[in-house]
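Coordinate analysis (summary)
Here is how the chains run, residue by residue.
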2 protein chains.
Amino acid sequence: MTADETLLSPTSRTTVVRGRQRAQSERTALLDVLRSARLCHMGVLVGNVPRVLPTVFGLDPEGPDRAGTLYLHGSVASRSLVEAPEQDICVTVTVVDGLVLARSAFHHSMNYRSAVIVGRPRRVEDEHERTRALDAIVDQVVPGRSTHLRAHTRRELAATSVLALPLYEASVKARTGGPIDDEADIAAGDVWAGVIPIGEYVGIAERGEDVEPNLDVPDHVLTLSRV
Amino acid sequence: MTADETLLSPTSRTTVVRGRQRAQSERTALLDVLRSARLCHMGVLVGNVPRVLPTVFGLDPEGPDRAGTLYLHGSVASRSLVEAPEQDICVTVTVVDGLVLARSAFHHSMNYRSAVIVGRPRRVEDEHERTRALDAIVDQVVPGRSTHLRAHTRRELAATSVLALPLYEASVKARTGGPIDDEADIAAGDVWAGVIPIGEYVGIAERGEDVEPNLDVPDHVLTLSRV
């Protein structure tokens with residue numbers, strides 16, 4: 001990776017226009033946002049509608065695409081995945097950290113980190129890369145899970161489309177801190193303002209009905225859900 | 001509202017093709033998903049890219065649009081909001097309820113509820129409706145908050161675009177329950193499988209630095225964050 005690729009892309013499509021003070025230009029910030037999420041929202045033009053679909057993703061910051069690779073997958077019958085490599089798509093990841101309650105509706109906000117990645121996805125054909133991509137997707141949702149699973153079968157691989165999106169053309173926005181109110185509203189002093197922290201709640205793992213009760217709960221499950 | 005509008009739209013754009021068994025056809029399911037979320041992802045075509053942006057929204061199930069109204073807002077300078085009323089856009093809301101750990105990567109999944117709404121947004125010009133929309137957006141994030149705030153000023157209203165999207169053309173998908181594994185993998189009996197519940201964690205409200213310490217924390221904050 002050359003030096004300029006450690007910065008996020010400066011193309012006009014991913015230059016933050018609104019809320020410039022919230023844009024971050026470091027690639028580390030992009031990876032931080034991506035690593036904090038289990039889900040992304042993919043935008044693909046299907047029949048003239050910019051369809052937005054929630055989906056899981058995998059990450060390989062050292063992947064073969066420019067500035068690293070984000071992997072997407074789905075059924076070979078999925079229209080969105082079939083049409084995606086013929087166009088530029090968008091993948092957005094959003095992590096909400098808090099609700100910002102101001103004295104006026106106008107200054108209400110959220111503390112958040114979000115990443116928007118734009119690009120032409122590459123259909124992944126190489127079997128080794130497909131396997132690594134699918135493992136990365138499992139591990140993005142449950143870190144450490146993939147090594148406990150049997151190998152993907154030929155039939156499973158044949159039923160699955162895998163796409164690779166370069167991490168090159170991307171923007172990151174973030175907001176932190178308390179409400180920023182108009183002086184007159186602060187002076188009035190009659191409305192409570194502040195931040196309500198928001199995060200992900202992880203509950204206690206529930207063993208599947210057909211799982212042997214004596215089977216040890218593996219570490220990657222214990223770590224995530226503190227059974 | 002006529003009877004057929006209590007069902008979700010049967011147009012091809014919002015008919016669920018993949019995972020048909022997970023589609024739900026009740027309008028109550030749509031409202032349930034929308035009421036469970038504080039954020040949506042909006043898809044708008046900007047410069048040939050189906051741009052996906054996280055944003056807050058407001059709900060009026062009895063709103064003036066067909067099958068009710070979802071409100072979006074933003075700065076009048078936002079390119080996405082300026083271009084949206086000239087095209088069909090997509091609004092997607094996703095609520096994750098659990099991580100489904102199967103014995104194979106292939107059968108990993110999530111328990112979730114998601115709604116996809118498609119349509120041509122209407123620019124809201126009427127001042128009464130704009131005010132109600134902005135209050136609905138505040139109350140979607142923090143229920144009960146809007147009645148504690150002063151009225152919107154003319155300047156604030158002038159700086160804000162409000163869009164209305166009909167709840168008519170929509171689809172809802174949901175998954176619940178444990179992993180569904182291949183029989184051979186169940187018989188092998190060597191991999192733990194189950195569900196890790198996921199939800200929203202709401203922390204303890206933090207008073208803003210410039211807020212009088214003696215000011216009572218209002219009920220809508222206490223209810224949400226159990227200070």
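Residues numbered from 1 in each chain as written. Chains lettered and ligands numbered in written order. Predicted model: local features only at pLDDT ≥ 70, side-chain atom pairs only at ≥ 80, totals over all residues. Heavy atoms only, no water.

An unreviewed UniProt entry lists chain A under the name Flavin-nucleotide-binding protein, with Rhodococcoides fascians given as the organism.

Attention shifts here to the overall build of chain A. Each helix and strand in chain A was counted, giving 6 helices and 12 strands. Counting only residues that meet the buried cut, chain A has 56% of its 227 residues in that class. (Helix = DSSP H or I, 4+ residues; strand = E, 2+ residues; numbered from the N terminus. Buried < 20%, exposed > 50% of the residue type's maximum accessible area, 1.4 Å probe, protein only.)

In this section: the relation of the copies chain A and chain B. Its rotation angle being 180°, the transformation that places chain A on chain B also includes 0.0 Å of axial translation and leaves an RMSD of 0.0 Å. The transformation relating the two chain copies, once decomposed into turn and shift, fits a two-fold axis. A share of 99% of the interface residues of chain A reappears at the interface of chain B, consistent with the copies meeting face to face through the same patch. (Least-squares fit on C-alpha atoms with pLDDT ≥ 70 in both. Contact = heavy atoms within 4.5 Å.)

Next up on the list: the sheet that holds strand β8 (residues 122-123) of chain B. Residue and element names in this part refer to chain B. The 4 strands lie next to each other as β4-β5-β9-β8, forming an open sheet whose pairing is antiparallel. Across the chains shown, the open sheet's two edge strands, defined by having one partner strand only, are β4 (58-60) and β8. The pairing of strand β5 (residues 69-75) with strand β9 (residues 160-166) spans 7 bridges and is classified as antiparallel. For histidine 73, the partnering residue across the bridge sits in β9 and is valine 162. (Pairing = 2+ DSSP bridges.)

Turning our eyes to something else, we now look at the interface of chain A and chain B. How big an interface is tends to be expressed through the accessible area that disappears when the partners come together. On the chain B side, the residues contacting the 81 residues of chain A number 80 residues. Contact between chain A and chain B buries roughly 6500 Å² in total, counting both sides, with carbon and sulfur atoms accounting for 68%. On the chain A side of the interface with chain B, the three residues burying the most area are A:Pro50, A:Val52 and A:Trp192, jointly 11% of the side's total. Applying the counting criterion to the chain A and chain B interface returns 6 salt bridges. (Buried area = accessible area lost by both parts, 1.4 Å probe. Salt bridge = Lys/Arg side-chain N within 4 Å of Asp/Glu carboxyl O.)

It is worth spelling out the packing of aromatic side chains at this point. One pass over the full model with this rule turns up 0 aromatic pairs over all chains. The ring of A:Tyr168 carries A:Arg66 above its face, with NZ or CZ at 4.0 Å from the centroid. (Phe/Tyr/Trp six-rings, centres within 6.5 Å; stacked < 30°, edge-to-face > 60°. Lys NZ or Arg CZ within 6 Å of the ring centre and 35° of its normal.)

Once that is clear, we can look at the state of the cysteines. Residues and elements named next belong to chain A. Evaluated as defined, the whole model comprises 0 disulfides over all chains. Unpaired in this structure, cysteine 90 has its nearest cysteine sulfur neighbour in cysteine 40, at a distance of 9.7 Å. We classify cysteine 90 as buried; its relative accessible area is 0%. (Disulfide = S-S within 2.5 Å.)

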